[in-house]
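One letter stands for each residue in the lines below.
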Amino acid sequence: MKFDDVLSEANGFGKFQIRLFLIQMLSRITLPPHLLLNNFMGAVPSHHCNTSALDDQGLFWNLTREQKLAVALPAEPDGSPSSCRMFAKPQYQHLYGQNSSEDAATVPCPSGWVYDNSTFRSTIATEWDLVCSQKWMNKATATIFFIGVMLGAPLSGFLSDRYGRRPLLLVSYLGSILFSLLSAFSTSYIMFVIMRFFTGVALAGIAIISFVLNVEWVSIEHRTFSGIIICLDVTIGNCIGVGIAYCVNEWRMLILAVTSPLVLSVIAWRWLPESARWLLANGKAAAAHHYIMKCAEVNSRTKCLENVTPDTLLEYAETECKDKTYTFVDLFKTPNIRKLSICIGLIWFGVQFTYFGICLNIAGFGLSLYLTQLTFACIEFPSKICVYFFVEKVGRRPSEMGALLLTGLCLLINLFIAKEKWIFRTVMAVLGKALSEASCANLYLYTTELYPTVVRQNGLGYSSFVAWVGVSMSPLVMLLEDVWQLLPHIVYCAVAVGSGLLILLLPETLNTRLPELIEDIEKPKEHSTKEIH
């Protein structure tokens, strides 16, 4: 008898687990809005050079707005006023239909910019004039935030494996609230990006610890439901984030609005249980027994565990190394887990690299920013529901491999569709995005089941770190268009297919026990992961 049997006796998916998922949902719905936040708070509205200084000189005293712009600003190829330059001297001949100003000298906007505030009341771009020569600073905001997430993933994984899931979740809640508040009230761009960096570090803890805690509290037969369907709370958060952004068009208030559910998470934290698996793996049998009995009590299964004591729990867990502290080094010390870690890392890189490559380059909807984001969010619902049935019936490994290979196929087909047929290109891109989303959803569950309990958070932290390296690199691949227009799409396609083929090196985990110790992987004959029939 092992821990999974004890958990099944206590009802591995009852009121206790449902309460756990609902409490975790309060924090998890804040993750997508923060990841998408830069699309709204960093939005760049239509803008042009401020020509009010010419009014002060009495040059434009009797001209209409359109005439002022025609005289002061050069026109873009589409006929709109230039966003970044103005004439060194007013070109009054434009008032009489004479547009021969090709040789007229232009200068960068000397007095700032005028922005169209009809959609966004204020953004960081309008707050600190992050346009034209400074537009890279706007893009750097998202990059720095993602670097924070990238570094926060392994850090939170290491700390939660050492000190427990529950206390690190509270630290992540409080850290996210604190740094979000400081971001919203930043008085300079430098202060803002620093606070966004630390917000990313804190949010990474919520992302990986909450997922692991959910999975570690459910029995084998319900693990798929926990790992896939519960991920729908992130999709719900995605839709909520778009709604909040539509209603709140001032960037400081937007940050506060999307962070507000974390206040409820802090209040509800007192009802969060610690992972009994982690407690047993670290030799804390008494505490594990307390939570197991609490689970049985809430699920009305106390009588089934009358004979279970802290000592018998230790025997069930087969843990002889309760005093050992595990680190990231243990992911590469021995042959089997080294192979596992290298393969998982490469697959995570490929999945996230491809996913964000698709998300950042889908075009052709002809919708507003809000409708486009809402469409992307809604695509995730059918995608994740289909994943649930596939991984439950077919298995984790073939589902993951199939999703990645089909993603690569969609990208490959798009290479041969003419740009004029934008409807077909968009359909294939959206299908590729749905398949890529499916691979992301399955990979969280698959990775959680592959790593032993004693290094599970370290493993997810390492995997998330490598994944965010892929996220950071993905936009840069579009620069390869200067070499060959199709090269970026070929790279995304090749990475998706390569990642899918790597899945062949990993074992299936459907209906198997979660490994507790590294020895369960290194010596499978002695530490069998028997199938549950």
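What you see is a predicted model; the values in this text were computed from it and never measured.

1. Considering the overall build of the protein chain
Moving on, step 1. In terms of regular secondary structure, the protein chain is built from 23 helices and four strands.
Moving on, step 2. A total of 533 residues make up the protein chain; the buried ones form 54% of that total.
Moving on, step 3. When contacts within the protein chain are restricted to residue pairs at least 6 apart in sequence, those whose partners lie at least 24 apart make up 79%.
Moving on, step 4. As displayed, the protein chain has an accessible area near 23,500 Å², and 64% of this comes from carbon and sulfur atoms.

2. Comments concerning the packing of helix 8 (residues 165-184) against helix 9 (residues 189-216)
Moving on, step 1. In the contact formed by helix 8 and helix 9, the axes pass within 8 Å of each other and the chain directions differ by 155°. Taken together, the axes of helix 8 and helix 9 are roughly antiparallel relative to one another. Of the two possible hands of crossing, helix 8 and helix 9 adopt the one that is left-handed.
Moving on, step 2. For the contact of helix 8 with helix 9, the per-class residue count stands at 15 nonpolar, eight polar and three charged.

3. Comments concerning the state of the cysteines
Two cysteines joined by a covalent bond between their sulfur atoms form a disulfide.
Moving on, step 1. Following the criterion strictly, the structure yields two disulfides and no others.
Moving on, step 2. The disulfide partner of Cys 49 is Cys 109, and the S-S distance across this bridge is 1.8 Å. Handedness here is read from the sign of the S-S torsion; for Cys 49 and Cys 109, about -65°, the answer is left-handed. Highlighted residues: Cys 49 in strand 1 (residues 47-49) and Cys 109 in the loop between strand 3 (106-108) and strand 4 (113-115), separated in sequence by 60 residues.

4. Let's talk about helix 21 (residues 456-473)
Moving on, step 1. The end-to-end C-alpha separation of helix 21 is 26 Å, in line with the 26 Å expected for 18 residues at 1.5 Å each.
Moving on, step 2. Most of helix 21 is tucked away, with 14 of its 18 residues classed as buried.

5. With respect to the nonpolar core
As a rule of thumb, nonpolar side chains are buried together in soluble globular proteins.
Moving on, step 1. Ranked by size, the top nonpolar core spans 82 residues in total, and within it Trp 217, Leu 272, Ile 292, Leu 305, Leu 340 and Leu 506 carry the most contacts.
Moving on, step 2. For this core, the element with the highest residue contribution is helix 17 (residues 335-359), accounting for nine residues.
Moving on, step 3. Excluding its chain neighbours within four sequence positions, the residues that come into contact with Leu 305 are Val 6, Glu 9, Ala 10, Ile 292, Met 293 and Ala 296.
Moving on, step 4. Leu 37, Ala 43, Phe 120 and Leu 130 belong to the second-largest nonpolar core, a separate cluster that totals 22 residues.

6. Section: the confidence of the model for the protein chain
In low-pLDDT segments, the atomic positions of the prediction should not be examined closely.
Moving on, step 1. For the protein chain, mean pLDDT is 82; residues scoring 70 or higher make up 89% of the total.
Moving on, step 2. A low-confidence stretch, residues 525-533 stays under pLDDT 50, and its non-local contacts, those more than four residues away or across chains, total 14 contacts.

7. Regarding the pattern of salt bridges
Moving on, step 1. Applying the stated rule across the entire model yields 10 salt bridges.
Moving on, step 2. Salt-bridge contacts for Glu 216 lead to Arg 165; the nearest nitrogen and oxygen are separated by 2.8 Å. With Glu 216 in helix 9 and Arg 165 in helix 8, the pair connects residues that are 51 residues apart, well separated along the chain.
Moving on, step 3. For Glu 216, a relative accessible area of 0% translates into the label buried.
Moving on, step 4. What makes Arg 165 buried here is its relative accessible area of 0%.
Moving on, step 5. In this structure, Arg 456 and Glu 216 form a salt bridge, with 2.9 Å as the shortest nitrogen-oxygen distance. With a gap of 240 residues between them, Arg 456 in helix 21 and Glu 216 in helix 9 connect regions that are remote in the sequence.
Moving on, step 6. Given a relative accessible area of 0%, Arg 456 falls into the buried group.

8. Quick word on the side chain of Asp 233
Moving on, step 1. Here Asp 233 lies in helix 11 (residues 232-247).
Moving on, step 2. Using a relative accessible area of 2% as the deciding quantity, one classes Asp 233 as buried.
Moving on, step 3. Beyond its immediate chain neighbours, meaning those up to four positions away, Asp 233 contacts Met 25, Arg 28 and Ile 29.

9. Looking at a nonpolar patch on the surface
Moving on, step 1. There is a patch of nonpolar side chains on the surface, built from Leu 406, Leu 409, Leu 412, Ile 413 and Phe 416 and spanning about 470 Å² of accessible area.
Moving on, step 2. Note that Leu 406 resides in helix 19 (residues 396-415).
Moving on, step 3. Residue Leu 406 is classed as partly exposed on the basis of its relative accessible area, which comes to 41%.

10. Some remarks on the packing of helix 17 against helix 21
Moving on, step 1. With their axes 7 Å apart at the nearest point, helix 17 and helix 21 run at an angle of 35° to one another. The handedness of the crossing between helix 17 and helix 21 comes out as right-handed. Across the interface between the two elements, Ser 341, Ile 342, Ile 344, Gly 345, Trp 348, Phe 349, Gln 352, Phe 353 and Phe 356 from helix 17 touch Leu 460, Tyr 462, Ser 463, Ser 464, Val 466, Ala 467, Trp 468, Val 469, Gly 470, Val 471 and Met 473 from helix 21.
Moving on, step 2. Tallied by class, residues from the contact of helix 17 with helix 21 come to 14 nonpolar, six polar and no charged.

11. Points about helix 7 (residues 135-163)
Moving on, step 1. Its 29 residues give helix 7 an end-to-end C-alpha distance of 42 Å, which sits within 8% of 42 Å, the value for a rise of 1.5 Å per residue.
Moving on, step 2. Bending of helix 7 peaks at approximately 25° at the position of Gly 152, with proline Pro 154 no more than four residues after it.
Moving on, step 3. Backbone geometry just after helix 7 places Gly 164 at a positive phi near 110°.

12. Details of the environment of Thr 143
Moving on, step 1. Summarising the element assignment, Thr 143 is placed in helix 7.
Moving on, step 2. Sequence separation between Thr 143 and Ser 472 is 329 residues; the distance between their C-alpha atoms is 6.7 Å.

13. Comments concerning the packing of aromatic side chains
Moving on, step 1. The final tally for this structure, using the stated rule, is 17 aromatic pairs.
Moving on, step 2. With 5.3 Å between their ring centres and 50° between their planes, Phe 353 and Tyr 492 make a pair best called tilted. Here Phe 353, found in helix 17, pairs with Tyr 492, found in helix 22 (residues 487-502); they are 139 residues apart in sequence, far enough to count as distant. Here Phe 353 matches Tyr 492 in class, with each residue buried.
Moving on, step 3. Here the aromatic rings of Tyr 388 and Phe 389 are separated by 5.2 Å at their centres, their planes lie at 70°, and the arrangement is edge-to-face.
Moving on, step 4. For Phe 389, a relative accessible area of 48% puts it in the partly exposed group.

14. Considerations on the environment of Arg 270
Moving on, step 1. With respect to the helices, strands and loops of the structure, Arg 270 is situated in the loop between helix 13 (261-268) and helix 14 (276-281).
Moving on, step 2. Accessibility expressed as a relative area gives 60% for Arg 270, which makes it exposed.
Moving on, step 3. Between the alpha carbons of Arg 270 and Arg 166 there is a distance of 9.4 Å; along the sequence they are 104 residues apart.

15. With respect to unusual backbone geometry
Moving on, step 1. Backbone geometry places Asp 129, a non-glycine residue, at a positive phi of 50°.
Moving on, step 2. When you line up the elements, Asp 129 lands in the loop between helix 6 (124-127) and helix 7.
Moving on, step 3. Its identity is not glycine, yet Ser 300 carries a phi of approximately 60°, on the positive side.
Moving on, step 4. Along the polypeptide, Ser 300 turns up in the loop between helix 15 (285-298) and helix 16 (310-317).

Thresholds, definitions, all that
- Residues numbered from 1 in each chain as written.
- Predicted model: local features only at pLDDT ≥ 70, side-chain atom pairs only at ≥ 80, totals over all residues.
- Heavy atoms only, no water.
- Helix = DSSP H or I, 4+ residues; strand = E, 2+ residues; numbered from the N terminus.
- Buried < 20%, exposed > 50% of the residue type's maximum accessible area, 1.4 Å probe, protein only.
- Contact = heavy atoms within 4.5 Å.
- Areas by Shrake-Rupley, 256 points an atom, 1.4 Å probe, with all protein chains shown as cover.
- Axes fitted to C-alpha atoms, helices over the stretch in contact; angles between N-to-C directions.
- Parallel < 35°, antiparallel > 145°, perpendicular 65-115°, else oblique.
- Left-handed = near helix turned anticlockwise from the far one by under 90°.
- Nonpolar A, V, L, I, M, F, W, Y, C, P; charged D, E, K, R; others polar.
- Disulfide = S-S within 2.5 Å.
- Expected span 1.5 Å × (residues − 1).
- Core = buried A, V, L, I, M, F, W, Y, C linked by side-chain atoms within 4.5 Å.
- pLDDT = per-residue confidence, 0-100.
- Salt bridge = Lys/Arg side-chain N within 4 Å of Asp/Glu carboxyl O.
- Patch = residues over 30% accessible without salt bridge, like charges linked within 9 Å, V, L, I, M, F, W, Y side chains within 5 Å.
- Bend = angle between axes of the 7 residues up to and from the residue.
- Phe/Tyr/Trp six-rings, centres within 6.5 Å; stacked < 30°, edge-to-face > 60°.

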